[in-house]
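Here's the letter readout for the chains.
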Amino acid sequence: MNNGDIAFIGGGNMARSLIGGLVARGHAPRSIRVAEPVPALRDALQADFGVAVFETGADAVAGADTWVLATKPQVLREVCEALAGQAQAARPLLVSIAAGITTVQIAHWLGDTGLPVVRTMPNTPALLGAGATGLYANAAVDATSRHFAETLLSAAGTTVWIKDEARMDAVTAVSGSGPAYVFLLAEAMVAAGVEEGLPAEAARALAAQTVLGAARMLTESDVDAAELRRRVTSPGGTTQAAIDTFEAGGFRTLVAAAIHAARVRGAALSAAND
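Model, not experiment: these values are computed from the prediction. (Residues numbered from 1 in each chain as written. Predicted model: local features only at pLDDT ≥ 70, side-chain atom pairs only at ≥ 80, totals over all residues. Heavy atoms only, no water.)

1. Digging into the overall build of the chain
Each helix and strand in the chain was counted, giving 12 helices and eight strands. Based on the C-alpha atoms only, the size of the chain along its principal axes is roughly 70 × 40 × 30 Å. Across the 274 residues of the chain, 41% fall into the buried class. Relative to all contacts within the chain whose residues are 6 or more apart in sequence, the contacts with residues 24 or more apart total 62%. Surface accessibility of the chain: about 14500 Å² in total, with carbon and sulfur atoms responsible for 59%. Here the chain carries 20 positive and 26 negative side-chain charges, and the mean point of each set is 3 Å from the other. (Helix = DSSP H or I, 4+ residues; strand = E, 2+ residues; numbered from the N terminus. Buried < 20%, exposed > 50% of the residue type's maximum accessible area, 1.4 Å probe, protein only. Contact = heavy atoms within 4.5 Å. Areas by Shrake-Rupley, 256 points an atom, 1.4 Å probe, with all protein chains shown as cover. Lys, Arg positive; Asp, Glu negative; His and termini not counted. Charge placed at Lys NZ, Arg CZ, Asp CG, Glu CD.)

Rendered as C-alpha cells:
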C-alpha cells in the first residue's frame, strides 16, 4: 500500500472497519481523512484511530490520492456532484462501497468518464475482519491502483475480482445479502430446537457454534460444500432424514429464487439512481 492520503466520504460502520484494518496494518493515521456530518461519529473516529476528521467531503478530499465513497447509495449522486470539480482536478482513485451504483454512474456524476473507479461490494462480517468483498475495476484503473484497492478491501476479509460489472449484482445477492440468509437459518434452527424441547440459550449456543464450525470447515478445507455435506450424511441416519426433508421441500429452488430476487433488486436500485 502506498503512502498517499486516503479520504473516506462517510464514517459509518463499514468505513470504520476499513479504517481500523488500515491502521492495524501500519497505515499512518494522519494520512487518513474522514468526512462525517454526525459529530459523535467524527469524534469517535478521531479518538479511536487518530485520523483527521472533517464535517464536509470537500475538506476531507483535499490532497487525497484515493477517495473511498462510503455513503448510502441514495445520497451518493448528490455527494459526487458536489465534489465533481475537485475530482476532475485531482483525478484520484475512487473506491466505492455503495451497493447498486455502477462505475459509469460514479464517473458521470463526477463529470469525467475517464476517472479510475473500483466498485466493491463488502458484507457486514467485514466489521470483524471476516468479510467477503467482490471488486470490479473500470478500464481507467491501472495495475498499481488495482493492487491498492485490493489491499484496502482485504483489511476487511477475503476479496474476489469480478471481470464483468454486470455480475456485481450477483455478488450483492450471494455475499452482500448473504449473512442475512445465514442468520435466518440460525434463527429457524434455534426456534426448531426450542420446539423440540431445548432451552432457548442452549439452542442458540448450539446453532451459533454449528454455523461457525461449518463455515470454518468450508474455508479451511480443500473440498467443496457438496463433498463436506456427503461426509456428514450417513445413509439412513438422522442427518439424511433432515436433508431429505429439505430437498423434498424445494430448498435448492427456494435459495435460487431468493438469490435471483436479490440480484434483480440490486439492478433495479442501480437503475433508480440514474
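2. Here we look at the side chain of Ser17
Here Ser17 shows up in helix α1 (residues 13-24). Accessibility expressed as a relative area gives 12% for Ser17, which makes it buried. Excluding residues within four positions of it along the chain, Ser17 makes contact with Ala126 and Leu127.

3. Here we look at the nonpolar core
One finds Phe8, Ile19, Val34, Val51, Val95 and Val118 to be the most contacted residues of the largest nonpolar core, which totals 29 residues. If you list the elements that add at least two residues to this core, you get β1 (6-9), α1, β2 (32-35), α2 (39-49), β5 (93-96), β7 (131-137) and α6 (143-154). The greatest single-element share of this core, amounting to five residues, is contributed by α1. Those residues in contact with Phe8 that sit more than four places away from it in its chain are Ala15, Leu18, Ile19, Leu22, Ile32, Arg33, Val34, Ala35, Val68 and Leu152. (Core = buried A, V, L, I, M, F, W, Y, C linked by side-chain atoms within 4.5 Å.)

4. Considerations on the packing of aromatic side chains
Applying the stated criterion across every chain, the model contains one aromatic pair. On the basis of an interplanar angle of 50 degrees and a centroid distance of 5.1 Å, the ring pair of Phe246 and Phe251 is categorised as tilted. Note on Phe251: relative accessible area 40%, which makes it partly exposed. (Phe/Tyr/Trp six-rings, centres within 6.5 Å; stacked < 30°, edge-to-face > 60°.)

5. Let's talk about the sheet that holds strand β3 (residues 52-54)
The eight strands are arranged β3-β2-β1-β4-β5-β6-β7-β8 in an open sheet whose pairing can be described as mixed. Edge positions in the open sheet fall to β3 and β8 (157-161), since each of these has one partner strand only. The mean inter-strand angle of the sheet, taken between neighbouring strand axes irrespective of direction, is 20 degrees. One ladder, built from five bridges, connects β7 with β8; its direction is parallel. Bridging from a neighbouring strand, Leu135 pairs with Trp161 of β8. On the sheet, α1 packs against β1 and β2 and is oriented at approximately 160 degrees with respect to β1. (Pairing = 2+ DSSP bridges. Axes fitted to C-alpha atoms, helices over the stretch in contact; angles between N-to-C directions.)

6. A few points about unusual backbone geometry
The phi angle at Arg91 is positive, at roughly 50 degrees, despite the residue not being glycine. With respect to the helices, strands and loops of the structure, Arg91 is situated in the loop between α4 (73-90) and β5. By relative accessible area, Arg91 is classed as partly exposed at 40%.

7. A few points about a nonpolar patch on the surface
Together, Leu185, Met189, Phe246, Phe251 and Val255 give the surface a local cluster of nonpolar side chains, amounting to about 410 Å² of exposed area. Secondary-structure elements contributing two or more residues to the nonpolar patch are α8 (178-195) and α12 (251-272). Along the polypeptide, Val255 turns up in helix α12. Since its relative accessible area comes to 35%, Val255 is described here as partly exposed. (Patch = residues over 30% accessible without salt bridge, like charges linked within 9 Å, V, L, I, M, F, W, Y side chains within 5 Å. Salt bridge = Lys/Arg side-chain N within 4 Å of Asp/Glu carboxyl O.)

8. A word on the environment of Leu185
One can find Leu185 in helix α8. Separated by 22 residues in sequence, Leu185 and Ala207 have C-alpha atoms that sit 9.1 Å apart.

9. Structural notes on the pattern of salt bridges
Enumeration over the complete set of coordinates arrives at nine salt bridges. The partner of Arg16 in a salt bridge is Asp48, and the shortest N-O contact between them spans 2.3 Å. With a gap of 32 residues between them, Arg16 in helix α1 and Asp48 in helix α2 connect regions that are remote in the sequence. The exposure class of Asp48 is partly exposed, given its relative accessible area of 45%.

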